[in-house]
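The residues making up each chain are set out below.
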Amino acid sequence: MAKKAAIVGLLVLVAFASVGLGREIVVISTADSGMGSFRWALQTARPGDTITFDPEVFPPKDPATIYPRTELPPIHCGNMTIDASNAGVILDGKKIRSNWSAGLEIRSSNNIIQGLQIINFSGAGIALFGGSQKNVIGGDRKLGIGPTGQGNALGGNNGGIGLWDGHTSYNRVTGNVISANLAGRELLGNIDGVVVADGASGNTIGPNNVIAYNKEHAILVIGSRTTGNTIDAVGTPVAGCPPH
């Protein structure tokens, strides 16, 4: 019993570290649930925290896959960072049995999502709604040692990135690879690359996104109230993928 308690205590020490005013929560498992998993990190996080991934478990040159079996917890707390830019992390939604399930749902503001590969979800790879504002999805693909640096790679989803409703504003989507797998090894087209709809306004799509090989639309803007968005999506292509 004492040995088991010591192991659990060690896991807690590994999984938490101080980062400024917030904590660093380190994902140390590819399991869908339990201490050290990504689901556990999302459930544990509070404003100011940063979720990172242990590169020994998620090697940048040989990414490891997390297979959620149910929808992951929405990001409600705000002011949180998910940073996989120095690791190799794939979120694969093919084991979720749902008509519409997003890879990540963001329902709060001032979050940063970087470095993830998100594939095979029946909903959007990343969905922002519920009044989400001032979030940053992606970053500089040259920063970090992960496959896409700070950029996210999204493919095989119903939509790559979706921004919906009239209070979802001032978000920035930049430096992402939307639909093409890395280095053109495999093309995983989303149905739509980026969808901005239902009155979402003041958002910026770009610069430096690579949006290619989606089945219907690269960027789809829907609704007469969906105004004031800036589309600047053209970026430097990855191998085998022309920019759109």
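Residues numbered from 1 in each chain as written. Predicted model: local features only at pLDDT ≥ 70, side-chain atom pairs only at ≥ 80, totals over all residues. Heavy atoms only, no water.

## What about the overall build of the protein chain?
- A count of helical and extended segments in the protein chain gives two helices and 20 strands.
- Residues counted as buried form 51% of the 244 residues belonging to the protein chain.
- Taking the intrachain contacts of the protein chain between residues at least 6 apart in sequence as the baseline, contacts between residues at least 24 apart amount to 77%.
- Per element, the accessible surface of the protein chain, about 10700 Å² overall, is 53% carbon and sulfur. (Helix = DSSP H or I, 4+ residues; strand = E, 2+ residues; numbered from the N terminus. Buried < 20%, exposed > 50% of the residue type's maximum accessible area, 1.4 Å probe, protein only. Contact = heavy atoms within 4.5 Å. Areas by Shrake-Rupley, 256 points an atom, 1.4 Å probe, with all protein chains shown as cover.)

## Observations concerning the pattern of salt bridges
- In total, this model carries three salt bridges according to the counting rule given.
- The residue Asp 49 makes a salt bridge to Arg 23 at a minimum N-O spacing of 2.6 Å. Pair noted here: Asp 49 is in the loop between α2 (38-44) and β3 (50-53) and Arg 23 is in strand β2 (residues 22-27), with a separation of 26 residues, a long-range link.
- Residue classification places Asp 49 among the buried positions, given a relative accessible area of 1%.
- Glu 105 is the partner of Arg 107 in a salt bridge, and the nearest nitrogen-oxygen pair spans 2.4 Å.
- Judged by its relative accessible area of 33%, Arg 107 is partly exposed. (Salt bridge = Lys/Arg side-chain N within 4 Å of Asp/Glu carboxyl O.)

## Brief notes about unusual backbone geometry
- Cis geometry is adopted by the peptide bond preceding Pro 207, which originates at Gly 206 and carries an omega value of 0°.
- Mapped onto the elements, Pro 207 comes out in the loop between β17 (204-205) and β18 (210-211).
- Phi at Asn 110 takes a positive value of approximately 65°, unusual for a residue other than glycine.
- Given a relative accessible area of 36%, Asn 110 falls into the partly exposed group.
- Backbone geometry at Asp 165 places phi at a positive 90°, although glycine is not the residue there.

## Quick notes on the pairing of β2
- Within β2, five of the six residues are buried, leaving the element largely enclosed by the surrounding structure.
- Relative to β3, β2 runs parallel, the two sharing four bridges. Across the sheet, the residue bridging to Ile 25 is Ile 51, located in β3.
- Handedness of the crossover is the feature at issue here: the chain leaves β2, passes through α2, returns alongside β3, and the resulting connection is right-handed. (Pairing = 2+ DSSP bridges. Right-handed = clockwise from strand over helix to strand, strands pointing away.)

## A few points about the nonpolar core
- Core analysis: the biggest nonpolar cluster contains 40 residues, and Phe 38, Ile 51, Phe 53, Ile 82 and Leu 116 have the highest contact counts within it.
- Looking at this core element by element, the count peaks at four residues for α2.
- Excluding anything up to four places from it in sequence, Ile 82 contacts Phe 38, Leu 42, Ile 51, Phe 53, Ile 75, Leu 104, Ile 112, Ile 113, Gln 114 and Leu 116. (Core = buried A, V, L, I, M, F, W, Y, C linked by side-chain atoms within 4.5 Å.)

## Some details on the pairing of strand β10 (residues 124-128)
- Of all five residues that make up β10, five are buried, and the element is covered over most of its length.
- Inspection of the sheet shows strand β7 (residues 104-106) paired to β10 by three bridges, in the parallel sense. Residue Leu 104 lies in a different strand from β10, and its bridge partner there is Ile 126.

## A look at the environment of Arg 46
- With respect to the element layout, Arg 46 can be found in the loop between α2 and β3.
- Looking at Arg 46, the relative accessible area reads 47%, which means it is partly exposed.
- Residues contacting Arg 46, with those up to four places away along its chain left out, are Arg 23 and Cys 77.

## Here we look at the packing of aromatic side chains
- Considering all chains together, one arrives at four aromatic pairs under this definition.
- On the numbers, 6.2 Å between centres and 45° between planes, the contact of Phe 129 with Trp 164 is tilted. Taken together, the residues Phe 129 in the loop between β10 and β11 (136-138) and Trp 164 in strand β13 (residues 159-164) connect sequence positions 35 residues apart.
- Taking relative accessible area as the criterion, Trp 164 reaches 19% and is therefore assigned buried. (Phe/Tyr/Trp six-rings, centres within 6.5 Å; stacked < 30°, edge-to-face > 60°.)

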